[in-house]
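A look at the structure
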Amino acid sequence: MERFKAIWVTRDEGERKPNPAVIQEVSLDDLMPGDVTVRVEYTTVNYKDGLAITGKGPVLRKFPMVPGIDFAGEVIASDHAEYAVGDKVVLNGWGVGEVHMGAFAGVARVNGDWLIKLPDGLTTAQAASIGTAGYTAMLAVMALEDYGITANSGPVVISGAAGGVGSVAVSILSKLGYHVVASTGRTEEERFLKDLGAGEVIDRSIFSDDPRPLNKEIWAAGIDVAGSTTLANMLSMISYGGAVATCGLAQGMDLPTSVAPFILRGVSLLGIDSVMAPKAKRQAAYNRITRDLDLEKLATLTTTIGFDDIMPAAADIMAGKVRGRLLVDMSKKSG
């Protein structure tokens, strides 16, 4: 039986903390059940993957586990009516890489209902470059649009703008004609962010003070990946009738705010879930991505690494050293 490399995480019986992640060879017999088997061609390293591999967050909930929350590749076996051998597919979320063995292996076996066929015009490399981060960014943009935010509403601020979600959101919104304000703790990335389309780049320290119930109205809307104090401050600076789409917790799960922005300015907080979003919404997001994301810009914000580079990259992403998207070419040698 074919054997392939996987990042493998175990936990000793009775222990709450998992053992350190290792690379080892596994076979199909080691994978969890599923009706579609996919040769993983490309995957990515997201913040959640960083938490899982480094053990800095309780992301993994079954053991042994293969981390990796998204992938793109080719179907090599299928008992699912929608998929045949040779189909190109993409997967994001559904608990893959958390409760079901995920992308950081040569092969993934999953429930076919979690997959979508690769949209026309996208390669597997591009789909993986977009990944959960890019797909989440698109969901956030769609939520703001559904709420009524337009390019004429005013500036939109994005926290963590040099990261995966933020950089794709900057690119999408700028292409749609929005004035994008990119917030980052890495001001040396100003040129990178302006090349993506940011109209302004600001230091994230604007969000670091103890939150006040209300601050000066500055932006029509926002996309936040941090939570905690950052989100609380952002909400206090949104103009009357605006909204913030929230999709991350890089700073924390708490939200030290008050009801003031909501009841005195009519601001709305829009929750973005990319993990369990229904298939129709996923397909709509990918269809929009093929139209509204500049694929040339996607290439400029993407760094390609090999399988053996995944674990060092996980440590880097937790240390805030990664900008844009990390694409893992499963056929590429490390370095």
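See the structure shown above.
Another point: the packing of aromatic side chains. Inspection of every chain in the model, using the stated rule, returns two aromatic pairs. With 6.0 Å between their ring centres and 15° between their planes, Y135 and Y286 make a pair best called stacked. Residue Y135 is located in helix α2 (residues 124-147), and its partner Y286 is located in helix α7 (residues 279-292); the two are separated by 151 residues in the primary sequence. By the burial criterion, Y135 is buried, and Y286 matches it. Here the basic side chain of R323 rests over the ring of F192, its NZ or CZ set 4.1 Å away from the ring centre.

Strand order across the open sheet formed by six strands is β10-β9-β8-β11-β12-β13, with parallel pairing between neighbours. The open sheet terminates on both sides in strands that have one partner only, identified here as β10 (200-203) and β13 (268-271). Taken over all neighbouring pairs, the strand axes of this sheet differ in orientation by 20° on average, direction set aside. Pairing geometry for strand β11 (residues 219-224) and strand β12 (residues 238-246), over five bridges, is parallel. Bridging from a neighbouring strand, A221 pairs with A243 of β12. Helix-sheet contacts for α2 involve β8 (156-158), β11, β12 and β13, and the interaxial angle to β12 is about 150°. Set on the sheet, helix α3 (residues 164-175) makes contact with β8, β9 (180-184) and β11; between it and β8 the angle comes to about 160°.

Moving on: the nonpolar core. Ranked by internal contacts, the top residues of the largest apolar core, which has 52 residues, are L144, I158, V170, L173, I223 and Y286. Elements supplying a minimum of two residues to this core: α2, β8, α3, β9, α4 (190-196), β11, β12 and α7. For this core, the leading source of residues is α2, giving 14 residues. Apart from the residues within four sequence positions on either side, I223 is in contact with A140, V141, L144, V157, I158, S159, A169, L173, M234, A245 and C247.

Rules used in this analysis
Residues numbered from 1 in each chain as written. Predicted model: local features only at pLDDT ≥ 70, side-chain atom pairs only at ≥ 80, totals over all residues. Heavy atoms only, no water. Phe/Tyr/Trp six-rings, centres within 6.5 Å; stacked < 30°, edge-to-face > 60°. Helix = DSSP H or I, 4+ residues; strand = E, 2+ residues; numbered from the N terminus. Buried < 20%, exposed > 50% of the residue type's maximum accessible area, 1.4 Å probe, protein only. Lys NZ or Arg CZ within 6 Å of the ring centre and 35° of its normal. Pairing = 2+ DSSP bridges. Axes fitted to C-alpha atoms, helices over the stretch in contact; angles between N-to-C directions. Contact = heavy atoms within 4.5 Å. Core = buried A, V, L, I, M, F, W, Y, C linked by side-chain atoms within 4.5 Å.

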